[in-house]
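# Close look at the chain arrangement
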Amino acid sequence: MIYDAPVDDPELFTIQVAQSNAAALTAESPDAFAITPTSPSVMFLNAGTARPEGGFALTWTWDVTPLIAGEQKLNVQIIPQAFVNGVRQELSDVNAPVAVTVQVHPAQVDFEEVVSSVAAMETDVPDDMTVGREHDVSATLSMAGNGDTVSADIGLTAAEDSVRVTILPAEAVARAAAGTADDDVVERHWTVIPEEAGPVSLVFTVHVGGTAGSQELSRDVPRTIAARAEDPPEPVWEVIRGPVTVLGAIIAVITGAIGLWAMLRNRSNKKAAADEHDEGDDAVEDDAADVRPAGRARDGES
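A brief structural summary. (Residues numbered from 1 in each chain as written. Predicted model: local features only at pLDDT ≥ 70, side-chain atom pairs only at ≥ 80, totals over all residues. Heavy atoms only, no water.)

With that settled, the discussion passes to the side chain of Asp110. Along the chain, Asp110 turns up in helix H1 (residues 106-117). The side chain of Asp110 is buried and forms no salt bridge, while Arg219, the nearest opposite charge, is found at 13 Å. Look past the residues within four positions of Asp110 in its chain and what remains in contact with it is Asn146, Thr149 and Val150. (Helix = DSSP H or I, 4+ residues; strand = E, 2+ residues; numbered from the N terminus. Buried < 20%, exposed > 50% of the residue type's maximum accessible area, 1.4 Å probe, protein only. Lys, Arg positive; Asp, Glu negative; His and termini not counted. Salt bridge = Lys/Arg side-chain N within 4 Å of Asp/Glu carboxyl O. Contact = heavy atoms within 4.5 Å.)

Okay, here's the thing in structure tokens:
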């Protein structure tokens, strides 16, 4: 917006300004553009920039992303603001919106379609990984039919909150899906090796590029996929060594108990046999004693 300048150009619009002014940019078709302000919406005249040819200028900026190709219209409106009894009031009806006709390059729309397709990009990442082992990871991006006007590539890195991993990129691969052009699908492969146990966070970054007329188009779109790495399982012997050791100790105890029982039993048997032998000797002596008196009696009788 130019003010306080001797401008006499019938092609320029004349607008009313006040001490402070607000600017708004809207699309005639709401679906034609994505509009984001990149400067304050309200500016004061004393913040104007002096122009070499005279007068001052206030400049508002917006980040405008076209969403529909072809001829479109943007509306710019300057709203002067006045203070009445210390209360700011907008005089929105003073200046009518100014329509600006723009021609959106078709490649811009193709570019935005590819950027949007990153959300649906196919990724193949194992949910569970093993520390020290190689794991195949891949990503496949559809170019949404725009491979002839827009380029794309996919990179893979580890996020800051990820455990340490080694990423080995495979050779770049471009292939055609069924019924698509040769350059309509981009596929990339990597080998990922976790170096420690814990959460693995992989960031797939898609670099999308293109040209819309004389304007270079470029954007990096990240997408994060989570997995988890675990320590490798112990060897079979390590797994069973503990139980085998315990079992061996139990067997040793049982074997010792059996040996002790056998020894005690053997001693008991020997004692019983000895007792039986002693009882037999006593019985023989008793028989002998019985026989002697009888013999003496017979001798006396004779």
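Using the criterion set out here, one finds six salt bridges in the structure. The closest approach of N and O atoms between Glu53 and Arg51, which form a salt bridge, is 2.6 Å.

To continue, consider the environment of Gln108. Structurally, the position occupied by Gln108 is in helix H1. The residues contacting Gln108, other than those within four sequence positions of it, are Thr65, Pro66, Ala212, Gln215 and Leu217.

To continue, consider the layout of surface pockets. Its volume calculated, the second largest pocket comes out at about 190 Å³. Residue lining of the second largest pocket: 15 residues in total, with Val64, Pro66, Gln108, Gln215 and Leu217 positioned closest to the centre. Every element with two or more residues in the lining of the second largest pocket is listed here: strand S7 (62-66), H1 and strand S19 (215-230). Sorting elements by how many residues they give to the lining of the second largest pocket places S19 first, with five residues. Its residues assigned to classes, the lining of the second largest pocket comprises six nonpolar, five polar and four charged. (1 Å grid on protein atoms, 1.4 Å probe; cavity = no way out; pocket = protein on both sides within 12 Å on 5 of 7 lines; lining within 4 Å. Points joined across faces, edges and corners; volume = space filled by probe spheres on them. Nonpolar A, V, L, I, M, F, W, Y, C, P; charged D, E, K, R; others polar.)

Any functional reading would require information that these geometric values do not contain.
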